[in-house]
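Below are the chains, spelled out letter by letter.
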Amino acid sequence: METTEKAVSNVRAYFLNGNTVSYEFRKKQLENLKQMLKKNESQIYRALKRDLNKSRYEVYTTELGFLFSEIDFAVKNLRSWMEPEKVPSPITHKGSKSYILKEPFGVALVISPWNYPLQLALAPVIGAISAGNCVVLKPSEHATATSSLLADMIRDHFDSSFFTVIEGGIETTTELLEQRFDKIFFTGSLEVGKIVMKAASEHLTPVTLELGGKSPAVVDEDANINLAAKRIVWGKFTNAGQTCVAPDYVCVHEKVKFKFLKAVKKYIRSFYSKDPLKNNDYTRIINDKHFDRLIRFLSNGNVIHGGNFDKDTLTIEPTVLDKITWEDAVMHEEIFGPILPVLSFTNLEDALHRIKTSEKPLALYYFGEDSQTQQQVIEYVPFGGGSINDTFYHLANPHLPFGGVGTSGMGAYHGKFSFDAFTHQKSILKQTTKFDIPFRYPGNKVSESIVKKIME
Ligand code: NAD
């Protein structure tokens, strides 16, 4: 078996040969990636069913369909993204031309998590390939069927010196992180994000960290309550809550709380049936460790919907917890499961202050009709990105950068932002030799007042 060191050095040699630079090469590889996914569509459904019991519908909408759109968007825009960007030159630079060259970093390491094990492995790769990099991908060891399918598919469709998969757990990742990369793109937890950044600092490798946190949904008294409940239920319980941008908890105005909770229960029943544990299309929890961690939260507050679980199938009903306070254990860590704590407020400012003084969330969702308040909320609270009157739809718009801030992450991707995440912006100034303005040189005859006029 090839060592990680050997694998990475093969990839580096391939990059240094200049193979990945041309537009034609990049476009061909992106098309190849799409073909690979199309060809293996049924195996992909099977793998995700095995790893998380995901339904075909959810696999298509949240994994495959998303990747197809991202690939198509990249292919359509690749040529313009790659073009050198002309920029103006100031008067002091008369005669020169300035532009930014888009240079690939080189060898990129992509480390991905288990919750959307296909999408979160390949979405960054689309950016890496578009930008002309070679890629080493380390998928999550917890989604074993998808990880092994990724390794097989990529081995069959790509030159392993250009794009290779290295499977394994902590030991393998640690070994990989000892190698020198030109870019590391990590999606996962805050704790491991810190490990990755520390390792990257050894080689001064730039990192993008896509992390998590507690993303709030705030439902104001003037919100369209029925639609707020519907969209929050969808955002929270898709993938059984194992989504980095799922609304972690809800803060609802006391005046509309009763109506909101009634609508939440209605939509849970409508989306997942009266008995979600018997619903074949209901996603399960990834493993025993996370299942046991989640079960402990069920003793917080009052369970007003759901609360049943099945240890054999690792499923937990979509559960709503009422009478939650900021002090409860469920409010102290990212939930990452199908449990929705509900807090209430009578003064929006107080609720927002509480959110603002916590760690900066990856997302925030505000539900309310007044546009002035909407604006105040999104400007007052720092967060990665979010939606007004919706949950997690913002991440599917390729024109918006997706990423966190503070403990929820660093850097962004999707659409052109993925290309940028793997690109060095190389500044070039092309100077004229036809003339040489003297004022910068010592001993020139230009008066100080003229120099000041030019430069100020
Ligand atoms: P994780 O951090 O445990 O694992 C992510 C990756 O890191 C895996 O490939 C794993 O093998 C590797 N890893 C784990 N421990 C390591 C160690 N000690 N040293 C080196 N590598 C190690 O995360 P997870 O449990 O797979 O995913 C859940 C977390 O990811 C949540 O916090 C969630 O919010 C976050 N997440 C963020 C996004 C985003 O786009 N911002 C998307 C999905 C998940």
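Procedures and definitions
- Residues numbered from 1 in each chain as written.
- Predicted model: local features only at pLDDT ≥ 70, side-chain atom pairs only at ≥ 80, totals over all residues.
- Heavy atoms only, no water.
- Helix = DSSP H or I, 4+ residues; strand = E, 2+ residues; numbered from the N terminus.
- Buried < 20%, exposed > 50% of the residue type's maximum accessible area, 1.4 Å probe, protein only.
- Contact = heavy atoms within 4.5 Å.
- Areas by Shrake-Rupley, 256 points an atom, 1.4 Å probe, with all protein chains shown as cover.
- Lys, Arg positive; Asp, Glu negative; His and termini not counted.
- Charge placed at Lys NZ, Arg CZ, Asp CG, Glu CD.
- Polar contact = N/O pair within 3.5 Å; in protein donor to acceptor, adjacent residues only side chain to side chain.
- Domains from an automatic or database assignment.
- Buried area = accessible area lost by both parts, 1.4 Å probe.
- Core = buried A, V, L, I, M, F, W, Y, C linked by side-chain atoms within 4.5 Å.
- Pairing = 2+ DSSP bridges.
- Right-handed = clockwise from strand over helix to strand, strands pointing away.

Peer 1: Tell me about the overall build of the chain, residues and numbers included.
Peer 2: Summing up its helical and strand segments, the chain has 15 helices and 18 strands in all. Each principal axis of the C-alpha distribution contributes one length, and for the chain these read about 80 × 60 × 35 Å. When the 456 residues of the chain are sorted by exposure, 55% land in the buried category. Pairs at least 24 residues apart make up 71% of the contacts formed inside the chain by residues separated by at least 6 positions. As displayed, the chain offers around 21,500 Å² of accessible surface, 52% of which is attributable to carbon and sulfur atoms. Taking the average location of the 55 positive side-chain charges in the chain and that of its 53 negative ones, the two points are 5 Å from each other.

Peer 1: Residue-level account of the side chain of Thr205, with values.
Peer 2: You can see Thr205 is positioned in the loop between α8 (190–202) and β7 (207–210). Classification of Thr205 as buried rests on a relative accessible area of 8%. Side-chain polar atoms of Thr205 contact the backbone oxygen of Phe181, separated by 2.8 Å. With residues up to four places along the chain from it excluded, the contact list for Thr205 reads Phe181, Asp182, Lys183, Ile184 and Ala200.

Peer 1: So what's going on with the domain arrangement of the chain? Residues and values would help.
Peer 2: Domain assignment breaks the chain into domain 1 (2–211 + 408–428) and domain 2 (216–396). Taking only C-alpha atoms, the centre of domain 1 and the centre of domain 2 are 31 Å apart. Between domain 1 and domain 2, the residue contacts involve 17 residues of the former and 19 residues of the latter. Note on domain 1 versus domain 2: buried area summed over both sides is about 1,600 Å², and carbon and sulfur give 50% of it.

Peer 1: How would you explain the nonpolar core if you had to name every residue and give the values?
Peer 2: Counting 136 residues, the largest nonpolar core has Leu37, Leu118, Leu122, Phe163, Val219 and Phe260 as its most contacted members. Among the elements that line this core, the one with the most residues is helix α4 (residues 56–82), at twelve residues. Looking at which domains feed residues into this core, each of domain 1 (2–211 + 408–428) and domain 2 (216–396) supplies at least three. Once residues lying within four places of it in the same chain are set aside, the contact partners of Val219 are Ile225, Ala228, Ile232, Val250, Cys251, Val252, His253, Phe260, Phe345 and Phe367. Of all hydrophobic cores here, the second largest spans five residues; its members include Leu52, Ala143, Ile286 and Phe336.

Peer 1: Help me get a handle on the pairing of strand β9 (residues 249–253), residues and values and all.
Peer 2: Counting buried residues along β9, five of its five residues qualify, which places the element largely inside the surrounding structure. In this structure, strand β8 (residues 216–219) lies alongside β9, joined through four bridges in parallel fashion. In the sheet register, Pro216 faces β9, and the bridge partner there is Tyr249. Of the crossover connections in this fold, the one passing from β8 over helix α9 (residues 225–237) to the parallel β9 is right-handed. Across four bridges, the pairing between β9 and strand β14 (residues 339–345) is parallel. Looking at the pairing, His253 lines up with Phe345 of β14.

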